[in-house]
Amino acid sequence: MEKTDIVSMTYEELENYVTEVLQEKRFRAKQIYEWLHVKLAGDFDQMTNLSKTLRGKLKAACRIPEMTIVDLLVSEIDGTRKYLFQLEDGSVIESVLMKYKHGNSVCISSQVGCRMGCRFCASTLGGLERQMSAGEMLRQVYEIQKESGERVSNVVMMGTGEPLDNYDQAVRFLRMISDEKGLNISQRNLTLSTCGLVPQIYRLADDKLAITLAISLHASNDETRR
């Protein structure tokens, strides 16, 4: 049986899971959520204020998506850090930490590969391999913050993949990264970049997130772009 991606659960979903599935007291959900989304634990054994019995239940039924750094390039000019992450199924994605005077920005991937076919972008060369979960998106930010030792204040969804082609998980990520119970990054510091999937753009407007939407309009002249 496939284990549950516990990092992708919202706080409310985790509360229900802890009380109804694990048959534990509700306050345990708060402890687990804090370990995952504030202390950024990558292993259940790190959750030292949980009993061994509960940690055993979590190990048996749940998983924390693996996010292993297999390569890291650091710019000698501005300190930009480019990460190559390997996921638990062997897939690889890229993320970037960019340092500015106003804070640290992380560019994350939302899909393994991409099916949009934009000629200017290398992400689409092999097509779409699979969607990424909200938990895998979150873990990119968490692992970069842990590796760099610096607080992330801005997130840009501009890495591998088209976020609006993975709409539900992308929006789940945006809500969770800005959750006051987690890293609590202001939605005004979150940017989603799209090549222009119009129905999903309208849907995003209806969801009333206070994020920045960036639309890539690539052409050689203003007339075509308009």
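Coordinates for the structure precede this section.
Presented here is a report on the structure given in the accompanying data block.

Each value, and the rule that gives it
- Residues numbered from 1 in each chain as written.
- Predicted model: local features only at pLDDT ≥ 70, side-chain atom pairs only at ≥ 80, totals over all residues.
- Heavy atoms only, no water.
- Helix = DSSP H or I, 4+ residues; strand = E, 2+ residues; numbered from the N terminus.
- Rg over C-alpha atoms; globule rule 2.2 N^0.38 Å.
- Buried < 20%, exposed > 50% of the residue type's maximum accessible area, 1.4 Å probe, protein only.
- Axes fitted to C-alpha atoms, helices over the stretch in contact; angles between N-to-C directions.
- Parallel < 35°, antiparallel > 145°, perpendicular 65-115°, else oblique.
- Left-handed = near helix turned anticlockwise from the far one by under 90°.
- Contact = heavy atoms within 4.5 Å.
- Nonpolar A, V, L, I, M, F, W, Y, C, P; charged D, E, K, R; others polar.
- Pairing = 2+ DSSP bridges.
- Polar contact = N/O pair within 3.5 Å; in protein donor to acceptor, adjacent residues only side chain to side chain.

Here we look at the overall build of the protein chain
(1) Moving on: Along the backbone of the protein chain there are seven helices and 11 strands.
(2) Moving on: For the protein chain, the C-alpha radius of gyration of 18 Å lies close to 17 Å, the compact-globule estimate for 226 residues.
(3) Moving on: A principal-axis box enclosing the C-alpha atoms of the protein chain has dimensions of 65 × 40 × 35 Å.
(4) Moving on: Put simply, the protein chain has 226 residues, and 47% of those count as buried.

As for the packing of helix α4 (residues 134-148) against helix α5 (residues 167-177)
A packed helix pair is summarised by two numbers, namely the angle formed by the two axes and the spacing between the axes.
(1) Moving on: As a packed pair, α4 and α5 sit with axes 8 Å apart at the nearest point and diverge in direction by 45°. Relative to α5, the element α4 is oriented oblique. Here α4 runs over α5; the crossing is right-handed. Two secondary-structure elements touch here, α4 through Ala134, Met137, Leu138, Val141 and Tyr142 and α5 through Gln169, Ala170, Arg172, Phe173, Met176 and Ile177.
(2) Moving on: Broken down by class, the residue content of the contact of α4 with α5 amounts to nine nonpolar, one polar and one charged.

Observations regarding the pairing of strand β3 (residues 67-74)
(1) Moving on: Sheet topology note: the β3/strand β4 (residues 81-87) ladder contains seven bridges and is antiparallel. Across the sheet, residue Ile69 finds its bridge partner in β4, namely Phe85.

A look at the side chain of Ser8
(1) Moving on: Note that Ser8 resides in the loop between β1 (4-5) and α1 (11-21).
(2) Moving on: A distance of 2.7 Å separates the side chain of Ser8 from the backbone nitrogen of Gly135, its partner in a polar contact.
(3) Moving on: In contact with Ser8, other than residues within four places in its own chain, are Glu13, Ser133, Ala134, Gly135, Gln169, Arg172 and Met176.

Points about the packing of α1 against helix α2 (residues 27-37)
(1) Moving on: For the pair α1 and α2, interaxial distance at closest approach is 8 Å and the crossing angle is 130°. Compared by their axis directions, α1 and α2 come out oblique. α2 is crossed by α1, and the crossing has right-handed handedness. Of the residues in α2, those in contact with Tyr11, Leu14, Glu15 and Val18 of α1 are Arg28, Ala29, Lys30, Ile32 and Tyr33.
(2) Moving on: Class assignment of the residues belonging to the contact of α1 with α2 gives a composition of six nonpolar, no polar and three charged.

Structural notes on unusual backbone geometry
(1) Moving on: For Leu40, which is not glycine, the phi dihedral falls at a positive 60°.
(2) Moving on: Mapped onto the elements, Leu40 comes out in the loop between α2 and α3 (52-61).

Some details on the sheet that holds strand β9 (residues 154-157)
(1) Moving on: Strands sit in the order β3-β4-β5-β6-β9-β10-β11 across an open sheet of seven strands; the sheet is mixed. Every interior strand has two partners, whereas the edge strands, β3 and β11 (212-215), have only one. Each strand of the sheet is rotated relative to its neighbour by a mean of 20°, with strand direction disregarded.
(2) Moving on: Across the sheet, α4 is in contact with β3, β4, β5 (92-100), β6 (103-107) and β9; its angle to β4 comes to roughly 130°.

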